[in-house]
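# Overview (structure and organization)
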Amino acid sequence: MSPLAMAIVGFVVGTLLVLGGIFMGSRGGDLDRMAASGERVTGQITQTRTEERRRRRNGRTRTETDYFISVKFTHPDGRPIQQERKVSSSVHSRYRGASISSPITTTVVINPADPGDWMVAEQLESKRQSAGLMMWILPVVGLLFFGMGAFGTVKHIKKKNAPPQMAQQYPPAYPLQQQGGPVPYGQPPSYPHPPGQQHPQQAGPNDNVIYDANQDNRRT
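Residues numbered from 1 in each chain as written. Predicted model: local features only at pLDDT ≥ 70, side-chain atom pairs only at ≥ 80, totals over all residues. Heavy atoms only, no water.

Let us now look at the pattern of salt bridges. Summed over the entire model, instances satisfying the criterion amount to 10 salt bridges. The closest approach of N and O atoms between Glu64 and Arg53, which form a salt bridge, is 3.2 Å. With Glu64 in strand E2 (residues 60-74) and Arg53 in strand E1 (residues 39-57), the pair connects residues that are 11 residues apart, well separated along the chain. Arg128 is the salt-bridge partner of Glu125, the closest N and O atoms lying 3.3 Å from each other. (Salt bridge = Lys/Arg side-chain N within 4 Å of Asp/Glu carboxyl O. Helix = DSSP H or I, 4+ residues; strand = E, 2+ residues; numbered from the N terminus.)

Okay, structure coming up:
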């Protein structure tokens, strides 16, 4: 990953994680108020069930399981309510085996800010713990990504401001070989005969004869 891409990913993911931590903190506050001042009524768990979903990621098929319980109670305003709600696996395990003929008694907590929002007490406590945990984990992980973004930014600036480097010369992979052996550096070239010196010639029979044209005329 290039320094610029590292900086962008670090800051974007870090910001999203910090915002997620803020959201979970706000959600945790709402759940705390609901647990503190919510109205509690007695209800019954009449049924439990599970639902499996298959998801394919990165070429692999994963099976995810959702857990549901059916809750029956009378709302404080007099309305009878029977509704199925998605819960955590721990809450589902607590009420496993409940049926219409053999219901299990539970406590339903109603949100004072929104009477239509309610959940069983065990699910409310599970969500409070999860929100409180994620409220701290998400920002901490976000700070780590911010650190990665800062490191990528510094590295990108250094790379951008670095002076250009000369291309390094490398010796040839196969050294060139000179034909005819090494050159005798430092030694004067040798000639068969010293320059400027001629070979002595032997005198022939006509070398000292002077040509006389009158003599040729007298002969004729």
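This is not the end of the story, as more comes after the structure.
With that out of the way, let us pick up the sheet that holds strand E3 (residues 80-87). Read from one edge of the open sheet, five strands run E3-E2-E1-E4-E5, paired in antiparallel fashion. Strand pairing shows two members of the sheet lacking a second neighbour, E3 and strand E5 (118-120), which therefore form its edges. Ignoring which end each strand starts from, the neighbouring axes of this sheet average 40 degrees apart. The pairing of E1 with strand E4 (residues 104-110) spans seven bridges and is classified as antiparallel. By the bridge assignment for E4, Gln44 is matched with Thr105. Strands in contact with helix H1 (residues 3-37) are E1, E4 and E5; relative to E5, the strand with the most contacts, it is inclined by about 75 degrees. Along the sheet face, helix H3 (residues 121-161) touches E3, E4 and E5 and points at about 100 degrees away from the line of E5. (Pairing = 2+ DSSP bridges. Axes fitted to C-alpha atoms, helices over the stretch in contact; angles between N-to-C directions. Contact = heavy atoms within 4.5 Å.)

What follows concerns the packing of aromatic side chains. Here the distance between the centres and the angle between the planes together describe a pair of aromatic rings. Tallied over the full model, the rule gives two aromatic pairs. Taken together, a centroid distance of 6.0 Å and an interplanar angle of 50 degrees make the contact between Phe11 and Phe146 tilted. Remark: Phe146 occurs in helix H3 and Phe11 occurs in helix H1; sequence separation between them is 135 residues. You can call Phe11 partly exposed: its relative accessible area is 34%. For Phe146, a relative accessible area of 26% puts it in the partly exposed group. Relative to Trp118, the ring of Phe73 has its centre 4.9 Å away and its plane inclined at 70 degrees; by these criteria the two rings are edge-to-face. Of the two residues, Phe73 sits in strand E2 while Trp118 sits in strand E5, which places them 45 residues apart along the sequence. (Phe/Tyr/Trp six-rings, centres within 6.5 Å; stacked < 30°, edge-to-face > 60°. Buried < 20%, exposed > 50% of the residue type's maximum accessible area, 1.4 Å probe, protein only.)

By the element assignment, Thr74 lies in strand E2. On a C-alpha basis, the gap between Thr74 and Gly43 in space is 7.4 Å, while along the polypeptide they are 31 residues apart. Dropping the residues within four chain positions of it, Thr74 is found in contact with Val41, Arg79 and Pro80.

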